[in-house]
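# Overview (structure and organization)
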Amino acid sequence: MSKRFADRAVLVTGGGTGIGRAVALAFAREGARVAVAGRTEGPLAETVGLIEREGGKAVALTGDVTDGADAARLVRETVEYLGALDVAVNNAGVLGGLGPVADIDEAEWERVLGTNVTGTFLAMKHQIAHLRANGGGAIVNISSNVGTHMSIAGLGAYGATKAAVTALTRAAARDHIADGVRINLVSPGPIDTPMSTRPGESAADKAERMKGATPVGRAGAVDEVAAAVLHLASPEAGYTVGADLVLDGGVTA
Ligand code: NDP
């Protein structure tokens, strides 16, 4: 059976860890050549190693999506190393600015906003410019169920940034579908990565907390997010434009 992303070139931001790594591996298993981007070289090289060990092709690109020149360079280097760019997944993000709104530090607010909102904007801006000039493609952004679908006390900064990512993604989907660029987003609830683990919390304590935190009684797996991302990026989702696919085990059902 032919692989779903054979001959496709995919860029995944934040591809060195967590959800981004799982997304990169899933694309590679479906035949794609994958560029993984982030600020830290070590984890990116590990993802590349995992893909190469399975016989796939991947490249690590260091860059900071909050910097427009870096965001543009990540697109250029993906094309240089992989020969094309067909799909981009904007997954880079940070959880920060934790605490009640009145106590959020201004610099921390700017950092979270800069990474999650400006970073997603800059990444998309340069990816879309390339895709519309080269026959189109697909973009999948990673938002959160927090922000648009629900709020959590102490996550005001994070929720505000993710609501902005959702709004920006839907607007971009309308703006650029006529350019042949199909844009959608995934909004996960708690997924089993360090981001959803409380400081000092053991795996057993987290599993116990998650039993009550989601109707399905567990956190989501990174592979479940990856499966949704691949679906949205695939030709089978050709009629899906500006969709917000919530993956939260029923929390906001
Ligand atoms: P991780 O912290 O493992 O992944 C975040 C990745 O983003 C890291 O690889 C990090 O690499 C990269 N990154 C952060 N800032 C930048 C930047 N300025 N430029 C380039 N890369 C950057 O967390 P997760 O895998 O859990 O989260 C991935 C995404 O999923 C995030 O957007 C998160 O908000 C979202 N999400 C996660 C949920 C969860 O429960 N885990 C739930 C809902 C949404 P480096 O630091 O090296 O740059």
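Rules and cut-offs
Residues numbered from 1 in each chain as written. Predicted model: local features only at pLDDT ≥ 70, side-chain atom pairs only at ≥ 80, totals over all residues. Heavy atoms only, no water. Salt bridge = Lys/Arg side-chain N within 4 Å of Asp/Glu carboxyl O. Helix = DSSP H or I, 4+ residues; strand = E, 2+ residues; numbered from the N terminus. Buried < 20%, exposed > 50% of the residue type's maximum accessible area, 1.4 Å probe, protein only. Near = heavy atom within 4 Å. Polar contact = N/O pair within 3.5 Å; in protein donor to acceptor, adjacent residues only side chain to side chain. Areas by Shrake-Rupley, 256 points an atom, 1.4 Å probe, with all protein chains shown as cover. Nonpolar A, V, L, I, M, F, W, Y, C, P; charged D, E, K, R; others polar. Contact = heavy atoms within 4.5 Å. Expected span 1.5 Å × (residues − 1). Phe/Tyr/Trp six-rings, centres within 6.5 Å; stacked < 30°, edge-to-face > 60°. Axes fitted to C-alpha atoms, helices over the stretch in contact; angles between N-to-C directions. Parallel < 35°, antiparallel > 145°, perpendicular 65-115°, else oblique. Left-handed = near helix turned anticlockwise from the far one by under 90°.

## As for the pattern of salt bridges
Side chains that carry opposite charge are capable of pairing whenever their charged atoms lie near each other. According to the stated counting rule, one finds 13 salt bridges in the structure shown. Among the salt bridges present, the one from Arg-4 reaches Glu-236, with a minimum N-O distance of 3.9 Å. Residue Arg-4 is located in the segment before β1 (9-13), and its partner Glu-236 is located in the loop between α8 (222-233) and β7 (244-247); the two are separated by 232 residues in the primary sequence. A salt bridge links Arg-209 to Glu-201, with the nearest nitrogen and oxygen atoms 2.7 Å apart. With relative accessibility at 23%, the residue Arg-209 sits in the partly exposed group.

## Here we look at the site of the ligand
Taken together, 27 residues are adjacent to the ligand, and Thr-17, Arg-39, Thr-40, Tyr-158 and Thr-193 come closest. For the ligand, an oxygen atom lies 2.7 Å from a polar atom in the side chain of Thr-17. Separating an oxygen atom of the ligand from a backbone N or O atom of Ile-191 is a distance of 2.8 Å. Bound to the protein, the ligand loses 89% of the 870 Å² it would expose on its own. Its residues assigned to classes, the shell around the ligand comprises nine nonpolar, 15 polar and three charged.

## Notes on unusual backbone geometry
At Asp-7, a position not held by glycine, the phi torsion is positive, near 70°. When you line up the elements, Asp-7 lands in the segment before β1. Here Asp-7 falls in the exposed class, since its relative accessible area comes to 65%.

## Overview of the side chain of Thr-78
Along the chain, Thr-78 turns up in helix α3 (residues 68-82). Apart from residues lying up to four places away in sequence, Thr-78 is in contact with Leu-11, Ala-35, Leu-61, Gly-83, Ala-84 and Leu-85.

## Some thoughts on the environment of Val-34
Tracing the backbone through its elements, the reader meets Val-34 in strand β2 (residues 33-38). For the pair Val-34 and Ala-88, spaced 54 residues apart in sequence, the C-alpha separation works out to 9.7 Å. With residues near it in sequence (within four places) discarded, Val-34 still touches Val-10, Val-12, Ala-24, Phe-27, Ala-28, Ile-51, Lys-57, Ala-58, Val-59 and Leu-82.

## Thoughts on helix α2 (residues 41-53)
Between its terminal C-alpha atoms α2 stretches 18 Å, which fits the 18 Å expected from 13 residues at 1.5 Å a residue. Those residues of α2 not exposed but buried are Leu-44, Thr-47, Val-48, Gly-49 and Ile-51. Those residues of α2 that are buried lie in contact with α1 (18-29), β2 and β3 (58-62). The positive-phi residue at the C-terminal boundary of α2 is Gly-55, with phi of around 90°.

## Focus: the packing of aromatic side chains
Geometrically, a pair of aromatic rings is defined through the distance of the ring centres and the angle of the planes. Scanning all chains against the criterion turns up one aromatic pair. Here the aromatic rings of Phe-5 and Phe-27 are separated by 4.8 Å at their centres, their planes lie at 75°, and the arrangement is edge-to-face. One end of the pair, Phe-5, is in the segment before β1; the other, Phe-27, is in helix α1, and 22 residues separate them in sequence. With respect to burial, Phe-5 and Phe-27 carry one shared label: buried.

## Topic: the packing of α3 against helix α4 (residues 106-133)
Running from N to C, α3 and α4 cross one another at 40°; their axes reach a closest spacing of 8 Å. One way to sum up the angle between α3 and α4 is to call them oblique. Taken as a pair, α3 and α4 cross one another with a handedness that is right-handed. Together, Gly-68, Ala-71, Ala-72, Val-75 and Val-79 of α3 and Leu-122, Ala-123, His-126, Gln-127 and His-130 of α4 make up the contact between the two elements.

## Overview of the packing of α1 against α2
One way to put it is that α1 packs onto α2 with a least axis distance of 10 Å and a crossing angle of 25°. With respect to each other, α1 and α2 are oriented roughly parallel. Between α1 and α2 the crossing geometry is right-handed. Across the interface between the two elements, Arg-21, Ala-24, Leu-25 and Ala-28 of α1 pack against Pro-43, Glu-46, Thr-47, Leu-50 and Ile-51 of α2. Across the contact of α1 with α2, the residue classes tally to six nonpolar, one polar and two charged.

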